Amino acid sequence: MIHKTPTPPDIAARAKEIRAGNRAALARAITLIESRRADHQAAARALVQELLPATGRAIRVGITGSPGVGKSTTIDALGMYLIEQGHKVAVLAVDPSSARTGGSILGDKTRMARLSAEPHAFIRPSPSSGTLGGVAAKTREAMLLCEAAGFDVVLVETVGIGQSETAVCDMTDFFLALMLPGAGDELQGIKKGLVELADMIAINKADGDNIARANLAAGEYRAALHILTPRSPHWQPPVATYSAVTGNGIAGLWQSILDHRNATQAPGEFDARRREQQVKWMWTMLEDRWKARLKSDPAIRTKVKHTEAAVAEGRITPAIGADQIAELLA
């Protein structure tokens, strides 16, 4: 039998405030999650565990795209559309550059002018944790808190490229890749890894003189998708055009997200994917804790430096060095 540890009164009170939809309490809880203090991290783990039964019911959407594609404008338009449909929307950003520059979320919020003023929306940047894995782990926990607070749609924006796209894909139900129209852009933008991750490709700025170019780009992406094996046997990623400025096509983006959920729920793929994500999350957090211990324990840090020097000088192999460091963590 598993004996549940009693929840500390302050954690229970925090959880109650969050479940009641208290935005200030939600913001404070996310700040607690982002803290590097050991006591704060322990409290954050207890809080997330306490709120776990109230999570998992939101639709989680990852959104990526190169700079200038209009991610913020798209999120603003999509978020407002969802609020008009009766949803509560949380926006989280995964930005690996935040550890160096503070990221671009403040600029993003100015481009989400309508959404940032909405009482049914919540916008939060990723923490400056120094590593993409750390950012992603904190964003996952923030996502659970938002769900517990009653936000039934969580939009996770990846500001970076490469690894950040994979990280966001691994924490969401639907991965939307935004692209730009324009001569040659559609061919240059066909990055095999990203296209294979995407559950949908959407061409923004399909308005005015750009409509013909957007349609041409859409055709190029459809051709590219036909020669790739879909990530899901139950879903063929669609390619659509839309305009974040005029709002044309925004409803279609949301309908595709709902269609994908319906297509993957029946065969059990949706639930299986979430279970896999939970396990990946656990291993990512475990790796982060190992790294944190290697850096925080002075005795271990000294021995690691000696091992690094031995590997660098060719006195031992990297495999032996890895064994020695692993023994330090045993």
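See the structure printed just above.
On a predicted model such as this, the values are computed, not experimentally measured, just so you know.

Cut-off values and rules
Residues numbered from 1 in each chain as written. Predicted model: local features only at pLDDT ≥ 70, side-chain atom pairs only at ≥ 80, totals over all residues. Heavy atoms only, no water. Patch = residues over 30% accessible without salt bridge, like charges linked within 9 Å, V, L, I, M, F, W, Y side chains within 5 Å. Areas by Shrake-Rupley, 256 points an atom, 1.4 Å probe, with all protein chains shown as cover. Salt bridge = Lys/Arg side-chain N within 4 Å of Asp/Glu carboxyl O. Helix = DSSP H or I, 4+ residues; strand = E, 2+ residues; numbered from the N terminus. Buried < 20%, exposed > 50% of the residue type's maximum accessible area, 1.4 Å probe, protein only. Pairing = 2+ DSSP bridges. Phe/Tyr/Trp six-rings, centres within 6.5 Å; stacked < 30°, edge-to-face > 60°. Lys NZ or Arg CZ within 6 Å of the ring centre and 35° of its normal. Core = buried A, V, L, I, M, F, W, Y, C linked by side-chain atoms within 4.5 Å. Contact = heavy atoms within 4.5 Å. Axes fitted to C-alpha atoms, helices over the stretch in contact; angles between N-to-C directions. Parallel < 35°, antiparallel > 145°, perpendicular 65-115°, else oblique.

Novice: Would you explain a nonpolar patch on the surface in this entry?
Specialist: Among the surface-exposed residues, Val279, Met282, Trp283 and Trp290 lie close enough to one another that they form a single nonpolar patch of about 430 Å² accessible area. Take Trp283: it is sitting in helix α14 (residues 269-296).

Novice: Help me out: how do you make sense of the pairing of strand β1 (residues 59-65) in this one?
Specialist: Two faces belong to every sheet, and in a regular strand the side chains alternate between them. Along β1, seven of the seven residues are buried, which leaves the element largely enclosed by surrounding structure. Covered by surrounding structure in β1 are Ile59, Val61, Ile63 and Gly65 together with Arg60, Gly62 and Thr64, the residues of both alternating faces. Sheet analysis places β1 next to strand β4 (residues 153-158), joined by five bridges and oriented parallel. For Gly62, the partnering residue across the bridge sits in β4 and is Val156.

Novice: What is the right way to look at the packing of aromatic side chains in this model?
Specialist: The geometry of an aromatic ring pair comes down to the distance between the two centres and the angle between the two planes. With the rule as written, the count across this model stands at one aromatic pair. Ring centres of Phe122 and Phe151 lie 6.0 Å apart, and the angle between their planes is 45°; on these two criteria the pair is classed as tilted. One end of the pair, Phe122, is in strand β3 (residues 121-124); the other, Phe151, is in the loop between α8 (132-148) and β4, with 29 residues separating them in the sequence. There is no split in this pair, since Phe122 and Phe151 are both buried. The ring of Phe151 carries the charged tip of Lys88 above its face, separated from the ring centre by 4.7 Å.

Novice: Sorry, what's going on with the nonpolar core here?
Specialist: Most often, soluble globular proteins keep nonpolar side chains buried together rather than apart. Ile18, Leu26, Leu47, Leu145, Cys146, Ile201 and Ile203 are the most contacted members of the largest nonpolar core, which totals 50 residues. When neighbours within four sequence positions are excluded, Ile18 is seen to be in contact with Ala25, Leu26, Ala29, Leu47, Leu51, Leu145, Ala148 and Ala149. Residues Val91, Leu155, Met200 and Trp254 belong to the second largest nonpolar core, which totals 30 residues.

Novice: Any chance you could explain the packing of helix α15 (residues 298-312) against helix α16 (residues 318-328) here in plain terms?
Specialist: Any two packed helices are characterised by how steeply their axes cross, that is the angle between the axes, and by the distance between the axes. Running from N to C, α15 and α16 cross one another at 175°; their axes reach a closest spacing of 9 Å. Considering the angle they form, α15 stands roughly antiparallel to α16. Here Ile300, Lys303, Val304, Thr307 and Val311 of α15 lie close against α16, whose contacting residues are Pro318, Gly321, Gln324, Ile325 and Leu328.

Novice: Would you explain the side chain of Thr264 in this entry?
Specialist: Residue placement: Thr264 occurs in helix α13 (residues 250-265). Residues contacting Thr264, with those up to four places away along its chain left out, are Ser232, Glu269 and Phe270.

Novice: Explanation requested: the pattern of salt bridges in the structure shown.
Specialist: Side chains carrying opposite charge are able to pair once their charged atoms draw close together. Tallied over the entire structure, the rule returns 10 salt bridges. A salt bridge links Glu34 to Arg124; its shortest N-O distance comes to 3.3 Å. Linking Glu34 in helix α2 (residues 23-34) with Arg124 in strand β3, this pair joins segments that are 90 residues apart in sequence. Judged by relative accessible area, Glu34 falls into the partly exposed class, the value being 23%. Look at Arg124 and you get buried, because its relative accessible area is 14%. A salt bridge links Arg315 to Glu313; the nearest nitrogen and oxygen atoms lie 2.8 Å apart. Each member of the pair, Arg315 as well as Glu313, is classed as exposed. Put simply, Asp199, Arg231 and Arg273 are held in one network by salt bridges that share partners.

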